[in-house]
Amino acid sequence: MKIDDITVSRAIAESFTKDFVDSMEVDVAIAGAGPSGMMAAYYLAKAGVKTAIFERQLRVGGGMPGGGMMFNRIVLQEEGKELLDEIGVQTKEYEKGYYIADSLETISTLCFRSIQAGAKIFNLISVEDVMIREHDRIVGLVLNWSAVSLANLHVDPLAVRSKTVIDATGHASEICHIVVKKLGGKLNTRTGGVVGEKSLWADVGERELVENTREVYPGLIVAGMAANAVYGSPRMGAIFGGMLLSGKKAAEIVLRDHADN
Ligand code: 48H
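Residues numbered from 1 in each chain as written. Predicted model: local features only at pLDDT ≥ 70, side-chain atom pairs only at ≥ 80, totals over all residues. Heavy atoms only, no water.

1. Quick word on a negative patch on the surface
What counts here: Each patch is built from residues that are more than 30% exposed by relative accessible area and take part in no salt bridge. Like charges join if they lie within 9 Å; nonpolar side chains (Val, Leu, Ile, Met, Phe, Trp, Tyr) join within 5 Å. To measure how exposed things are, a 1.4 Å probe is used in the Shrake-Rupley method; for residues, cover is taken only from the protein chains shown. By convention in these notes, a salt bridge is any Lys or Arg side-chain nitrogen within 4 Å of a carboxyl oxygen on Asp or Glu. His is not counted, nor are the chain ends; Lys and Arg add positive charge and Asp and Glu add negative charge. Note that the charge is assigned to NZ on lysines, CZ on arginines, CG on aspartates and CD on glutamates. Numbering of helices and strands starts at the N terminus; helices are DSSP runs of H or I of at least 4 residues and strands are runs of E of at least 2.
A surface patch of negative charge is lined by E78, E79, E82 and E93. Counting residues per element, the negative patch draws most heavily on helix α3 (residues 78-87), at 3 residues. Counting through the fold element by element, E79 comes out in helix α3.

See below:
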């Protein structure tokens, strides 16, 4: 076969554009393709929920590939390890109740599983705002190419509509910050704002992370490290079970809410 350069280009542009346009109306739009965002996307897509993730960076994975201080391993407790068993990531018991996994194997499997389940992941796209309607409900995300902000260009964004948004942007909890700043929005935290993450205490941080994964504003669920930042709980270092459990819980909240409505 003689390869036609323009067919290659047209295939890429048409295929991407079709998926992007199709993702302008989704059930769930997730900001951030770190472990919590991709875990949520996996369970949602597996349940038949139309889900898209928008990720600012060229690569997916957030803080997971770097493991702990660039040692590319992560630690999991029993409950986290069970989720890795489910998606087919190998783990080894290090000491009773402490499991070790390869951070690259984990993140690539999360990416693979979520896309194969039907979720769309768009990298190189930043969420720069939210879309609102009556009663300050969040009804979607406002997007732009990450290259636009990197180059400091003035280019107006595009928007996607969703029934639910998940803030899975990690330590920065960017979507919650936008809601506080631009909507003067009261989050359902004890201060009404982003309380701010506390110093390292893995035992408490991991436990509270799952409790903190909830609807923080109408139409907005916060998951992963963002949940501890928003509710004022400790960080936990390179133990990742909580991130996976948080993503799963975010998906369960959506599934319950969408079933009720
Ligand atoms: C699009 C965005 C935007 C935006 C950010 O940081 P992450 O890995 O987040 P989690 O919560 O899934 O996992 C946290 C974990 O990696 C971690 O940091 C831990 C365990 N820390 C403990 C400690 O003690 O330090 O991923 C968030 C993703 C990243 O890929 C960002 O690029 C992306 O979100 N992102 N994408 N639009 N506005 N903001």
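2. Regarding unusual backbone geometry
Trans is the common state for peptide bonds, and a negative phi is the common state for residues other than glycine. Located in the positive-phi region is L124, a residue other than glycine, with phi close to 65°. Within the secondary structure, L124 sits in the loop between β6 (120-123) and β7 (125-133). Residues other than glycine seldom take positive phi values, yet N152 does so here, at roughly 55°. Among the secondary structure elements, N152 is positioned in the loop between α5 (146-150) and β9 (158-167).

3. A look at the sheet that holds strand β5 (residues 98-102)
Note the threshold: Two strands form a pair only when DSSP identifies at least two bridges running between them. Here an axis means a line fitted to C-alpha atoms, over the contact stretch when the element is a helix, while the angle between two N-to-C directions is reported on a 0 to 180 degree scale. Between two residues, a contact is recorded if the distance between any of their heavy atoms is within 4.5 Å.
One open sheet holds the 3 strands; their spatial order is β3-β5-β4, and the pairing between them is antiparallel. In this open sheet, the two strands that pair with only one neighbour each are β3 (73-76) and β4 (92-95). Neighbouring strand axes in the sheet, compared pairwise and without regard to direction, differ in orientation by 40° on average. Contacting β3 and β5, helix α4 (residues 103-117) crosses the sheet at an angle of about 75° to β5.

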